[in-house]
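# Results of the structural survey
What follows is the residue order along each chain.
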Amino acid sequence: MRLLNIRPRGGLAILLGALPLLAAALLYLMASQARHADNPRDKLLPTPAAMVEAVQLMAKVDPLTGHAPLVVDTMASLERVGSALAIATALSLVLGLGLGLLPLLRAKFGPLVATIAVIPPIAVLPILFIVFGLGETAKIALIVIGVTPVMVRDLAAHVAAIPEEQLVKAQTLGSSTWQLALRVALPQAMPRLIDSLRLSLCPAWVYLISAEAIAADTGLGYRIFLVRRYLSMDIILPYVAWISILAVTMDLTLRLIARRAYPWAYPERAR
Amino acid sequence: MGLLTFRNVWVEYGDKVVLENVDLSIERGSFVSIVGPSGAGKSTFLRLIIGQEAPTRGAIDLDGEKLRAEPGPDRGVVFQKYSVFPHLSARDNVVFGLDCAGSPLLGRLSGARRRAALEQADAMLAAVGLGDSGDLYPAKMSGGMQQRLAIAQALIKKPRVLLLDEPFGALDPGVRLDMHALITGLWRDNGLTILMVTHDIKEAFKLGTRVLAFDKRRRDPHAPHRYGATAVYDFPLDKPGAAIPDALLAMQEKPAA
């Protein structure tokens, strides 16, 4: 049988997927053990026990502040990334529909969006700090500026690719521009918008961590860069794992929402 | 006077002439088949009537009024593909036209008016043989069912002209025969006026009460784009199923230009 025709199913697929992860964990444990055999106070590759201990410390309420750092950091970061993605999604929906559907708007604002899209967002971070100060606004603005242009262009391209036959048909059924946007373009744009939001999660976290690393007093990125000074790998590694768990959860939730709300967009495949 | 009149209509793109001097009139209640080789302006002719294009010169009248160069509910259309909305169930696809007319702001009726519209839609679905399929999404339907749906969707607006752009071109021969029976029945029972573009000359003569053949009347071998196509044959048929002239069968084989 050819290689491309071999399809793992069920338990085998899960096992195959788990193996590389297990191998990586095993490799880490071996390396960590080797280093600790040489130097019991090694900080670079902390043992699992040390990491658990560090996480417990971070999750405990600090009597000085009255808060647990891990909880405060998580809430602060989620709030930033959540509100930024909500703004970005709303903007992308309106602009993407408009640009995709109306040649007039495309002619007027297409070049502007294309120009903004190629500016590296981190390069404008100083401007944001100058304009909005070091507070929440600048961090949220950075994420919005970072992910929105790509989402707008993706959605506009998707809406513009709706077959002309459908648009003509809707008009022959008496649809106005507004009705066509609301009942034909919007529902067909939604699954794509959610997919594009899922793809934007990764850049959104990159911009969040960058903004937090530079100027913040809470947040997952802030904490990682803070404890870096003490070479606290026992905190950094669990924090990185925690960020990836949060991101994967958001991704899977969005995927589930898209499939539940727009079943017509995901016909069952043969594979 | 006919329902749809073309007076000396030309369509040009830059210096390329697509249609020249189209001058004809289509009677109410007729079933006009439009045939011709590829590139002979059949689709452009249909796009003119739909309103996707405006004539460069000349005038088109629908019911004595100048045709608006924009698609509208007085002209229904069924394309070969992509005619139905993939995100709506069959019933919602048919109700769409009523939704648009009754609810300018939301594009969706509600309450008693929607229930009345749904009943109307179900009757229309039954008329095209989709009585049991109202809840299906188009992705779950066969090609023939999708075309039935597209016809129901167009007919609910009671258009003055129904335009069919190779509506059965992508269907299996057996399904195509069923669709012929369906469209003939709907045309007769509802007194429709139908214009159908087709590649299949037998289909054109079987269904139509009149056959228009588009081709170029003149050819310039050094500048083939300078002459456009027009209706070179116009066969009024007394009854559907008349014999096909040999000239047309010969024309089917060779491309235009």
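Before any of the text, the structure's been laid out above.
Residues numbered from 1 in each chain as written. Chains lettered and ligands numbered in written order. Predicted model: local features only at pLDDT ≥ 70, side-chain atom pairs only at ≥ 80, totals over all residues.

### A word on the overall build of chain A
Put simply, the test is: Numbering goes from the N terminus for both helices and strands, where a helix is a DSSP run of H or I of at least four residues and a strand is a run of E of at least two. As a reference, a globule follows 2.2 Å times the number of residues to the power 0.38, and the radius of gyration itself is taken over C-alpha atoms. Note on burial: count the other C-beta atoms lying within 10 Å of the residue's C-beta; 20 or more is buried, 12 or fewer is exposed, in between is partly exposed, and C-beta positions come from the backbone. Any two residues are considered in contact once their C-beta atoms, placed from the backbone, lie within 7 Å.
Summing up its helical and strand segments, chain A has 10 helices and zero strands in all. In terms of C-alpha radius of gyration, chain A reaches 23 Å, well past the compact-globule figure of 18 Å for 271 residues. In terms of overall dimensions, chain A has C-alpha extents of about 80 × 60 × 30 Å along its principal axes. Among the 271 residues that make up chain A, the fraction classed as buried is 32%. When contacts within chain A are restricted to residue pairs at least 6 apart in sequence, long-range pairs at least 24 apart make up 71% of them.

### Quick word on the overall build of chain B
Along the backbone of chain B there are seven helices and 10 strands. Against the 2.2 N^0.38 benchmark of 18 Å for 257 residues, chain B shows a C-alpha radius of gyration of 19 Å, consistent with a compact globule. Expressed along its principal axes, the backbone C-alpha trace of chain B runs to roughly 65 × 40 × 35 Å. Taking all 257 residues of chain B together, 41% fall into the buried category. Taking contacts inside chain B between residues at least 6 apart in sequence as the whole, the part at least 24 apart equals 71%.

### Here we look at the interface of chain A and chain B
Taken together, the contacts link 19 residues of chain A with 27 residues of chain B. Those elements that place two or more of their residues in the side of chain A that touches chain B are helix 7 (164-172) and helix 8 (177-214) of chain A.

### Overview of the nonpolar core
Under the convention used in this document: Only buried Ala, Val, Leu, Ile, Met, Phe, Trp, Tyr and Cys residues enter a nonpolar core, and they are joined through C-beta atoms within 7 Å. Residue ranges assigned to each domain were obtained from an automatic or database domain assignment.
Counting residues in hydrophobic clusters, the biggest one holds 107 residues, and the most contacted among them are Ile-143 of chain A together with Ala-152 of chain B. It is helix 6 (residues 136-160) of chain A that provides the largest number of residues to this core, a total of 13 residues. Each of domain 1 (1-74 + 159-257) and domain 2 (85-158) of chain B gives at least three residues to this core. Beyond its immediate stretch of four places on either side in the chain, Ala-152 of chain B contacts Val-94, Met-124, Leu-125, Ala-127, Val-128 and Leu-130 of chain B. Listed in part, the nine residues of the second largest apolar core include Ala-54, Leu-220, Ile-236 and Tyr-239 of chain A.

### Focus: helix 4 (residues 103-118) of chain A
Residues separated by three or four positions in an α-helix point in the same direction, a consequence of the helix having 3.6 residues per turn. Residues and elements named next belong to chain A. Rule in force here: To estimate how far a helix should reach, multiply one less than its number of residues by 1.5 Å. A residue's bend is the angle separating two fitted axes: one through the seven residues that end there, the other through the seven that start there.
Taking 1.5 Å of rise per residue, 16 residues should cover 22 Å, and helix 4 covers 22 Å from first to last C-alpha, within 8% of that figure. Where helix 4 bends most, at Phe-109, the angle is about 50°, and the proline Pro-111 comes one to four residues later. For helix 4, the tally of buried residues reaches only zero of 16 residues, placing the bulk of the element at the surface.

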